[in-house]
Amino acid sequence: MSLPSKITLSEFTATLKRYDSTITAASRPKPETLSSLDKWRRTVLPSAIAARSPPHMTKPELYRLVDCKLKRGKMRPILRLIESNDAEFIVSTTTTAFSSPDVQSSFTHLLSIKGVGPATASYVLAAHKPSEAPVFSDEAFRWVVHDGAWDTKINYDAKEYWDYYDKVGVIAKRLGLENKEDVERVGFVLGQEAATASAVGKGNVASKGRKPVESKKRKSTAVAETGSKETERNKEQKKLRPQEKRAINSATVTGTTRSGRVLRSRKPATE
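Participant: Even after reading the chapter, I still don't get unusual backbone geometry, so can you show me in this structure?
Facilitator: Glycine aside, a negative phi is what most residues show, and trans is what most peptide bonds show. With an omega of -5 degrees, the peptide bond between Ser 53 and Pro 54 qualifies as cis. With respect to the helices and strands, Pro 54 occurs in the loop between α3 (34–50) and α4 (59–72). Of note, Asp 147 is a non-glycine position whose phi angle comes to about 55 degrees, a positive value. As for its placement among the helices and strands, Asp 147 is situated in the loop between α9 (138–146) and α10 (158–175). Phi at Tyr 156 takes a positive value of approximately 60 degrees, unusual for a residue other than glycine. Looking at where Tyr 156 falls in the secondary structure, it is placed in the loop between α9 and α10.

Structure below.
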């Protein structure tokens, strides 16, 4: 994995090309796939917002956008909070936020909507100005701010977002990128790939630690064969007359046949 401060443009571009396949692999099918939602979020929604005068977002759009955010990251019970907002309030609040020339002011206005925290506000901002406002995803934050320390705890507060926002800008400027959202997508790919590699590694370690287990079928077959041999011997012993049993007991072992039957000979007479 390339560090954000060291990644070259060619490495960046190659990683960005894996974004669509990464989203497809992470898709959850119900009720709408992440691939479909993410494509809508990045292409259709920004165009719809820009075509309005003044630009704003509707309640159904916000609900769908949050659904995309949750499927892209961690599932949280916030859709019901989004649903509890008045439709006109969402339109008026996003109108005010989108009309502000200052990104931080826009961000603050969006936080007044129920269910919208810093991470969700970043998704709303990115829908309005994708080239300027990167979404606040776990994977991108840990790559950009913590050099890919994938277990870093995230507080999801405004301070973390603006720290991330500034560092995304540094990466975009160094690589000559026009769209800051591309930095987030590269971080998302690297984080997802690291998680997959970790899961595979843990699976291999677990399988190496297991001891080979003899199959139950093999064990039961061996027990059955041993039991049947003992039963046959007992039956043969019962068929013998008392004098024959005494004769066998007084004999010496001389060998065995291929079937395992014991051959005996009479003991020599003694005085």
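Next comes the rest of the description.
Participant: I would appreciate a short explanation of the side chain of Ser 122 in the present structure.
Facilitator: If you trace the backbone, Ser 122 turns up in helix α8 (residues 118–128). Once you skip the residues sitting within four places of it in the chain, Ser 122 turns out to touch Phe 107, Pro 134, Val 135, Phe 136 and Tyr 161.

Participant: Would you mind going over the environment of Asp 67 with me for this structure?
Facilitator: By the secondary structure assignment, Asp 67 is in helix α4. The buried category is assigned to Asp 67, whose relative accessible area is 11%. As a C-alpha pair, Asp 67 and Leu 79 span 12 residues in sequence and 7.3 Å in three-dimensional space. In this view, Asp 67 contacts Leu 37 and Leu 79; residues no more than four positions away in its chain are not counted.

Participant: Help me understand the packing of aromatic side chains, please; the structure alone is not making it clear to me.
Facilitator: When we look at a pair of aromatic rings, we describe it by the centre distance and by the angle of the planes. All chains considered together, the criterion is met by 12 aromatic pairs. A centroid spacing of 5.4 Å and a plane angle of 50 degrees characterise the contact between Phe 136 and Phe 141, whose relative ring orientation is tilted. Phe 141 matches Phe 136 in its accessibility class, with the two residues each being buried. Summarising the aromatic geometry, the rings of Phe 136 and Tyr 161 are spaced 5.8 Å apart at their centres and angled 40 degrees between planes, so their arrangement reads as tilted. One end of the pair, Phe 136, is in the loop between α8 and α9; the other, Tyr 161, is in helix α10, and 25 residues separate them in sequence. As far as burial versus exposure is concerned, Phe 136 and Tyr 161 are alike and both buried. Ring-pair connections join several aromatic residues into one group, and the members of that group are Phe 107, Phe 136, Phe 141, Tyr 156, Tyr 161, Trp 162, Tyr 164 and Tyr 165. It is Arg 64 that lies over the ring of Trp 40; its NZ or CZ is 4.5 Å from the centre. Of note, Arg 76 hangs over the ring of Tyr 156, and the distance from its end group to the ring centre comes to 5.1 Å.

Participant: Before we go on, may I ask you to explain the packing of α3 against α4 in this structure?
Facilitator: Helix-helix packing is characterised by the crossing angle of the two axes and by the distance between the axes. Contact geometry of α3 with α4 gives a least axis separation of 9 Å together with a crossing angle of 140 degrees. With respect to each other, α3 and α4 are oriented oblique. Crossing of α3 against α4: the hand is left-handed. When α3 is examined against α4, the residues Leu 34, Ser 36, Leu 37, Asp 38, Trp 40, Arg 41, Leu 45 and Ala 48 are found in contact with a partner set consisting of Glu 61, Arg 64, Leu 65, Asp 67, Cys 68, Lys 71 and Arg 72.

Parameters and conventions
Residues numbered from 1 in each chain as written. Predicted model: local features only at pLDDT ≥ 70, side-chain atom pairs only at ≥ 80, totals over all residues. Heavy atoms only, no water. Helix = DSSP H or I, 4+ residues; strand = E, 2+ residues; numbered from the N terminus. Contact = heavy atoms within 4.5 Å. Buried < 20%, exposed > 50% of the residue type's maximum accessible area, 1.4 Å probe, protein only. Phe/Tyr/Trp six-rings, centres within 6.5 Å; stacked < 30°, edge-to-face > 60°. Lys NZ or Arg CZ within 6 Å of the ring centre and 35° of its normal. Axes fitted to C-alpha atoms, helices over the stretch in contact; angles between N-to-C directions. Parallel < 35°, antiparallel > 145°, perpendicular 65-115°, else oblique. Left-handed = near helix turned anticlockwise from the far one by under 90°.

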